[in-house]
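Take a look at the letters that make up each chain.
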There are 2 protein chains.
Amino acid sequence: MAFELTEDLIEQIENFIEVGDNASILELLNEVHHADIAEILDEVTTEEATYLVKLLDSETTSEALMELDEDYREEILDNLSPQEIADELNELDTDDAVDFLSELNEDIQRQVIDAIEDEQHAQDIIEMLRYDEDSAGGLMAKELVRVRETWTVAGCVRKMRAQAQNVTRVHSVYVVDKNDHLIGRLSLKDLLTAEAKSKISDIYIPNVDSVNVHDTAEDVARIMQKYDLEAVPVVNDSGVLLGRVTVDDILDFIRDEADEDYRMAAGISQVVEADDNLLKLTRARLPWLMIGMFGGLSAASIITGFNSIFETFPKLLVFVPLIQATAGNVGVQSSAIVVQGLANDSLKGNIVSRLLKECALALINGVSIATVVLIISHFFFGTTYLESISIGIAIIAVIILAALIGTFIPIILDKKGIDPAVATGPFITTSNDVFGILTYFLIAKLILGF
Amino acid sequence: MAFELTEDLIEQIENFIEVGDNASILELLNEVHHADIAEILDEVTTEEATYLVKLLDSETTSEALMELDEDYREEILDNLSPQEIADELNELDTDDAVDFLSELNEDIQRQVIDAIEDEQHAQDIIEMLRYDEDSAGGLMAKELVRVRETWTVAGCVRKMRAQAQNVTRVHSVYVVDKNDHLIGRLSLKDLLTAEAKSKISDIYIPNVDSVNVHDTAEDVARIMQKYDLEAVPVVNDSGVLLGRVTVDDILDFIRDEADEDYRMAAGISQVVEADDNLLKLTRARLPWLMIGMFGGLSAASIITGFNSIFETFPKLLVFVPLIQATAGNVGVQSSAIVVQGLANDSLKGNIVSRLLKECALALINGVSIATVVLIISHFFFGTTYLESISIGIAIIAVIILAALIGTFIPIILDKKGIDPAVATGPFITTSNDVFGILTYFLIAKLILGF
């Protein structure tokens, strides 16, 4: 943890770049971790970053580029020749290389692939560009250590040494038959403790978890989490070993999913950061404010529709914000619990029992809040008994309604293959607001008869 | 992925338990993964689960118990003797054993620790119970492979074999000096390729990331993610190697944090699941509905305070839901972006420029929405020009106000050491609602003069 990014360091680097003192830069950044190099690239101008990428060795800069924000990486890549980009790709595992490449336009993609020296690496990348980004195929890397069941331990160690050169980290050793079908795995522990002359077929573990190349990223994440796997082999439909997905890719995926759910709940429609430009931020935020606006205008129509209330029971109008807030809050709570239950696969039991439970819960919350409001409205706001009772009953009804909408919309969305987290977004909150206000006035009309 | 949990299987197991046919159960569940055993335990009654835990071997059931919901695990443990619990703990890594143990009351804790056979394991567990749950010490496990710099590769492999017996998975091999100070790490790759007679001091990598035992879990997670580490060694203040944190613990931690932020944004105050009982769900949900209720009552007071509006400009009242929804939505959006920025450490630049940017963004969104509302209110709701203009200006003001509150509250909370995600919860949303409505009527009063 010795490295710390200071303004002094950045200034020093910028000065060296200005005078072209490459030797000092190389000395300064020698042995600095690629994640730290990425932070430096983030702090300097695009031109300076390009200068550094060209100067430093590709082994470091390729990994550093992977850490950068997509847009910024593109800006830097625009300043590099296809050959220079190919040099960076040479140093990356196939999965990262593909992520990298898929951001470029097809024309440059072709030029870059042509410029990659390692034929096999280029072939692998072309193959992987075919897979859907959010599938096991899109997440996997081709780099892995594979051994044949017929080898001896000694021969295996010899061949593994050669293969290990191309693999950044050896997570697992996979055992294949002569047709490259995955048949098991080998623990490094067993390999350390086995006799040199033993056959691999005698010591390998035949029980190996694997995923299909077309499995979704969600499925891969679920399996890896459930079984605490650090890497999982990927096979095609006939069981041939194609690659492996490692836990760090899944970590990124899980974080992205969580961020997306969070953004959805907050009414932000795109991946944005506080430091993005105004146009991007507006595009992410305005659409969902517009949904809220149309909800607000619908509510205005409803209130206008009950216009006799203005003369007969004007006091009912002051409780509209209370009704709206309650409907919105209950709906989001209910949805969030269901969305998390769906995400963790922990939602069990049948629909009817869930319905009864949600109603019971809403009744408890509803009666509690209605009682407080009934008393406060009568004694502090001077509403009549009948008005207070209308408000109280409306609150209970609104809470039950919002809880049911909040619970079942995500379940229905999920059954239809739509991300249920959408339900925690402004669309449902807005609907809840509007239904809540409508329910409030309908119940008041029924009881008070205006 | 061959295993699938079916109702038939559960029924079969329950029948075997009823007739006490242990042999059939053992045969059926032989070689089933502990994560799957956990799912089975989840489906049967507590008594049946206890029966299975006692019957199956502790190596499987201890890991399966770790996967269960805390409350349910406690119920099962209540049916086991201290000796039986100790047998389960014997099979777990120290970090899991400590999690397990910390749920029991102190009396039983002592009895269980006394019953643990392995003295060293018991010592380690007692040591670890001292550390804060959310610190590196609380996350780490004592099980790791450590080698001395003075050893030869051949000697090292021999000693590693012995150590590896106690370590579920070998992530890294750590190199220590004679006082157990961490001085580097050894890659298994290098060990595979080194000469048997080389000294460890010649081949180890001296540059090793480590964390202090008192570092917070957040810091550990950030470092492991930044440097893509699968395991990180934990040292005390004088650099002595104490244990290691692995990526799966961090994965759980990251998921829990994301879930917590999400719950906070949705107004749920505790860890709850859809399947929890009514009391627990009510306790998690009612408090934040109450906050919303008090906000709604405050809004009611504000409207009552502007009571002349009922006679002079009643049409303004129908737009209250619109104002409230807009204020709430803008506030949550702003907070969510800042909260994510703080979580990812991507929030840069000074306060003043952030303030100007947030104002500019609010102005764009505000003018867009105000224009639409101004036109619709005049032509569809028949408000006068002056009324429409008041509404439009109020919307712009409300959006700017909500955006500023939403942006700065999380920044201030973060500076004060409070989780900024609180700002996306009902408390701030409610404040935004109330301030929004107050601003609306104040501006209308200023322009229309009632």
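Remember, predicted model here, so these are calculated numbers, not experimental data.

### Section: the sheet that holds strand β4 (residues 211-212) of chain B
So, point 1. An order of β4-β5-β6 (chain B) is seen for the three strands of this open sheet, with the pairing classed as mixed. The open sheet has two edge strands, β4 and β6 (241-246) of chain B, and neither has a second partner.

### A closer look at the domain arrangement of chain A
So, point 1. You can read the domains of chain A as domain 1 (7-133), domain 2 (145-246) and domain 3 (278-448).
So, point 2. Spacing between the C-alpha centres of domain 2 of chain A and domain 3 of chain A amounts to 53 Å.

### Focus on the relation of the copies chain A and chain B
So, point 1. Overlaying chain A on chain B yields an RMSD of 0.1 Å, the required transformation being a rotation through 180 degrees with an accompanying axial translation of 0.0 Å. Within this description, the copies of the chain are treated as partners about a two-fold rotation axis.
So, point 2. A share of 99% of interface residues in chain A that are also interface residues in chain B marks the association as one of identical surfaces.

### Comments concerning the sheet that holds strand β3 (residues 182-186) of chain B
All names here are of chain B.
So, point 1. Spatial strand order, β1-β2-β3: three strands in an open sheet with mixed pairing. Pairing within the sheet leaves two strands with one partner each, and these edge strands are β1 (145-148) and β3. Recorded for the sheet is a direction-independent mean angle of 35 degrees between the axes of neighbouring strands.

### Concerning the UniProt feature "domain: CBS" (unreviewed entry) in chain A
So, point 1. Feature annotation in UniProt assigns "domain: CBS" (unreviewed entry) to the following positions: residues 140-203 and 204-260 of chain A.
So, point 2. Spanning residues 204-260 of chain A, this segment combines 42% helix with 23% strand, and its end C-alpha atoms are found 41 Å apart.

### Regarding the UniProt feature "transmembrane region" (unreviewed entry) in chain A
Residues and elements named next belong to chain A.
So, point 1. As recorded in UniProt, the sites labelled "transmembrane region" (unreviewed entry) are residues 288-310, 316-339, 360-381, 393-413 and 425-448.
So, point 2. A distance of 30 Å separates the end C-alpha atoms of residues 360-381, which is 95% helix and 0% strand.
So, point 3. The span residues 425-448 shows a helical share of 96% and a strand share of 0%, and its end C-alpha atoms are spaced 35 Å apart.

### What to know about the pairing of β3(B)
Residues and elements named next belong to chain B.
So, point 1. Where strand β2 (residues 173-176) meets β3, four bridges bridge the pair, whose relative direction is antiparallel. Paired with valine 176 across the bridge in β3 is leucine 182.
So, point 2. Where β2 folds back on β3, the antiparallel hairpin that results is connected by five residues, among which aspartate 180 adopts a positive phi of roughly 70 degrees.

### Some remarks on the packing of helix α20 (residues 351-380) of chain A against helix α17 (residues 278-305) of chain B
So, point 1. It is at 10 Å that the axes of α20(A) and α17(B) come closest, and there the two elements cross at 35 degrees. In terms of crossing hand, the pair formed by α20(A) and α17(B) is right-handed. Listed contacts from α17(B) to A:Lys357, A:Glu358, A:Ala360, A:Leu361, A:Ile364, A:Asn365, A:Ser368, A:Ile369, A:Val372, A:Val373 and A:Ile376 of α20(A) are B:Leu278, B:Leu281, B:Thr282, B:Arg285, B:Leu286, B:Leu289, B:Met290, B:Met293 and B:Leu297.
So, point 2. When its residues are assigned to classes, the contact of α20(A) with α17(B) shows 14 nonpolar, three polar and three charged.

### Considering the pattern of salt bridges
So, point 1. Summed over all chains, the structure comprises 21 salt bridges over all chains.
So, point 2. A salt bridge links A:Glu103 to A:Arg73, with the shortest nitrogen-to-oxygen separation between them at 2.5 Å. Of this pair, A:Glu103 sits in the loop between α8 (94-102) and α9 (106-115) while A:Arg73 sits in helix α6 (residues 70-78); the two residues are 30 residues apart in sequence, bridging distant segments of the chain.
So, point 3. Accessibility expressed as a relative area gives 5% for A:Arg73, which makes it buried.
So, point 4. Of the charged contacts, one joins B:Glu39 and A:Lys226 as a salt bridge, the two residues approaching to 3.3 Å between their closest N and O atoms. Of this pair, B:Glu39 sits in helix α3 (residues 34-43) while A:Lys226 sits in helix α15 (residues 217-226), on two different chains.
So, point 5. A relative accessible area of 32% means that B:Glu39 is categorised as partly exposed.
So, point 6. Within the structure, one salt-bridge network assembled from shared partners comprises A:Asp36, A:Glu39 and B:Lys226.

The rules we used
Residues numbered from 1 in each chain as written. Chains lettered and ligands numbered in written order. Predicted model: local features only at pLDDT ≥ 70, side-chain atom pairs only at ≥ 80, totals over all residues. Heavy atoms only, no water. Pairing = 2+ DSSP bridges. Helix = DSSP H or I, 4+ residues; strand = E, 2+ residues; numbered from the N terminus. Domains from an automatic or database assignment. Least-squares fit on C-alpha atoms with pLDDT ≥ 70 in both. Contact = heavy atoms within 4.5 Å. Axes fitted to C-alpha atoms, helices over the stretch in contact; angles between N-to-C directions. UniProt positions renumbered as here; feature names shortened; annotations may be inferred. Left-handed = near helix turned anticlockwise from the far one by under 90°. Nonpolar A, V, L, I, M, F, W, Y, C, P; charged D, E, K, R; others polar. Salt bridge = Lys/Arg side-chain N within 4 Å of Asp/Glu carboxyl O. Buried < 20%, exposed > 50% of the residue type's maximum accessible area, 1.4 Å probe, protein only.

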